[in-house]
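Here is how the chains run, residue by residue.
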Amino acid sequence: MDLGVYSGAAGSYTVSGTGTTTMTASLFVGNYGSGTFTQAGGTTNINSWTYFGYAPTGQGTMTLSGGTFNTAGMTVGLNGSGSVTHTGGSNRIINNRDLIVGAAASGSYTLSNGSLSTNNEIVGYGSNGTFHQLSGTHTVANMLTVGGTDKGTGSFTLDGGSLSATSILNNGNFIQNGGSISGSLTNNVTFIFGGGSFDGRLTNNGSTVLNADAQFGGGLENNTTINVGANRSLSLYGSRSMNNGNIGLYGGSIYEYGGLTNEGMISGYGTLGAGTNAGFTNNGQLNVTGGNLVLNESGTN
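What counts, and where the lines are drawn
- Residues numbered from 1 in each chain as written.
- Predicted model: local features only at pLDDT ≥ 70, side-chain atom pairs only at ≥ 80, totals over all residues.
- Heavy atoms only, no water.
- Helix = DSSP H or I, 4+ residues; strand = E, 2+ residues; numbered from the N terminus.
- Buried < 20%, exposed > 50% of the residue type's maximum accessible area, 1.4 Å probe, protein only.
- Areas by Shrake-Rupley, 256 points an atom, 1.4 Å probe, with all protein chains shown as cover.
- Lys, Arg positive; Asp, Glu negative; His and termini not counted.
- Charge placed at Lys NZ, Arg CZ, Asp CG, Glu CD.
- Pairing = 2+ DSSP bridges.
- Core = buried A, V, L, I, M, F, W, Y, C linked by side-chain atoms within 4.5 Å.
- Phe/Tyr/Trp six-rings, centres within 6.5 Å; stacked < 30°, edge-to-face > 60°.
- Polar contact = N/O pair within 3.5 Å; in protein donor to acceptor, adjacent residues only side chain to side chain.
- Contact = heavy atoms within 4.5 Å.

Describing the overall build of the chain
1) Next: Check the secondary structure of the chain and you find zero helices and 37 strands.
2) Next: Along the first, second and third principal axes, the C-alpha set of the chain runs to 70 × 35 × 30 Å.
3) Next: Burial analysis of the chain (301 residues in total) assigns 49% to the buried set.
4) Next: As displayed, the chain has an accessible area near 11,500 Å², and 46% of this comes from carbon and sulfur atoms.
5) Next: Seen as two clouds, the 6 positive and the 11 negative side-chain charges of the chain have centres 5 Å apart.

Quick look at the pairing of strand E18 (residues 137-146)
1) Next: Pairing analysis gives four bridges linking strand E15 (residues 115-118) to E18, with the strands arranged parallel. Within E18, the position partnered with Leu116 by the bridge is His138.
2) Next: Inspection of the sheet shows strand E16 (residues 121-123) paired to E18 by three bridges, in the parallel sense. Following the sheet pairing, Val123 is matched in E18 by Val146.
3) Next: Pairing between E18 and strand E20 (residues 162-170): eight bridges, direction parallel. Looking at the pairing, Thr137 lines up with Ser162 of E20.

Regarding the nonpolar core
1) Next: Within the largest apolar cluster, 54 residues are counted, with the highest numbers of intra-cluster contacts made by Phe37, Leu144, Phe156, Phe174, Phe216 and Leu234.
2) Next: Counting residues in each nonpolar core, the second largest holds six residues, with Trp49, Tyr51, Leu78 and Ala103 among its members.

Here's the deal with the packing of aromatic side chains
1) Next: A complete count under the given rule lists 15 aromatic pairs for this structure.
2) Next: With a centroid separation of 5.4 Å and an interplanar angle of 15°, the aromatic rings of Phe28 and Tyr51 are classed as stacked. With Phe28 in strand E4 (residues 27-29) and Tyr51 in strand E7 (residues 50-52), this pair connects stretches of sequence that are 23 residues apart.
3) Next: With relative accessibility at 18%, the residue Tyr51 sits in the buried group.
4) Next: Between Tyr51 and Tyr54, the aromatic rings sit 5.2 Å apart at their centres with planes inclined by 75°, giving edge-to-face as the arrangement.
5) Next: Through a chain of ring-to-ring contacts, the aromatic side chains of Tyr109, Phe131, Phe156, Phe174, Phe191, Phe193, Phe198 and Phe216 assemble into a single cluster.

Section: unusual backbone geometry
1) Next: Positive phi, normally seen in glycine, also occurs at Asn95, with a value near 60°.
2) Next: By secondary structure assignment, the location of Asn95 is in the loop between strand E12 (90-93) and strand E13 (99-101).
3) Next: Among the residues examined, Asn95 registers a relative accessible area of 52% and is labelled exposed.
4) Next: For Asn231, which is not a glycine, the phi torsion comes out positive at approximately 65°.
5) Next: The class of Asn231 is exposed, set by a relative accessible area of 73%.

Here we look at the pairing of strand E29 (residues 225-228)
1) Next: Of the two faces of E29, only the one carrying Ile226 and Val228 is buried; Thr225 and Asn227 on the other face are not.
2) Next: Note that strand E26 (residues 207-210) and E29 share two bridges and pair parallel. In the strand pairing of E29, Ser207 is matched with Thr225.

A short note on the side chain of Ser26
1) Next: Mapped onto the elements, Ser26 comes out in the loop between strand E3 (20-23) and E4.
2) Next: Residue class for Ser26 comes out buried when judged on its relative accessible area of 13%.
3) Next: Of note is the side chain of Ser26, whose polar atom sits 3.1 Å from the side chain of Ser48.
4) Next: Within the local environment of Ser26, its side chain forms a polar contact with the backbone oxygen of Trp49, the two atoms lying 3.3 Å apart.
5) Next: Ignoring sequence-local partners within four residues, the contact set of Ser26 consists of Met1, Ser48, Trp49 and Tyr51.

Some points on the environment of Phe52
1) Next: With respect to the helices and strands, the residue Phe52 is situated in strand E7.
2) Next: Of the residues examined, Phe52 reaches a relative accessible area of 0% and is grouped as buried.
3) Next: Sequence spacing of Phe52 and Ser81 is 29 residues, and the spatial spacing of their C-alpha atoms is 7.2 Å.

What follows is the structure in structure tokens.
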């Protein structure tokens, strides 16, 4: 099915009620023109790929507020612009296919309720891709990649709901203000933590900013710089944490429930240790400046 086949044309399609709509070929929403797909109920089955904004002149939008949308792959912003507003219902990327937001043109996806599931997900593959989750359930069976290539710029903001992925690779901007994350996160550019829960391991190769007390359920591997400010706390659980870069304590506290090995530098003042005898091993440098560094931990230096 093509919605908005020719440049300057406009097409729309609405699914509601309790019935089932099945398409054996691909769905093009905004092929060369503009297209709108709206679903408020029922079930839609697309046995091939779904595109929003297929050609450079195409503009494709989807509003999903209810029902179930099943598709064997989805691209939001292939060569033209695409956007998805998901306020309810279920969007299921089936047959081990993927969701791509911002392939070669700008794409955006907003999830404020309902559920989204996919095999892999790329936000900002070869262009500008943005994903904003305010609520709902978001499941990625394998890898979520934010910022796919040197031409792609990706941004992911989690304000609420749940995000589950085996692994998250951030090559762009990843912001967590709330909600929950389950899965490991490798940050190569910018990770801003402002609240919520993170049940996974953070590997930091870029810039990590802590704007709230943070708990990392799988511990930390820091290869660059993390600063813990005054009256802030960083709690590290799970397997042993490693610091190969610089951890700056500026009146904050680090509680390493799974143990911590320092191969780099820990500088500043504050509290280090949870009192759990998980063990602190220092093979690097401790640089106390600006106040006292309290070690509430047994270990070796």
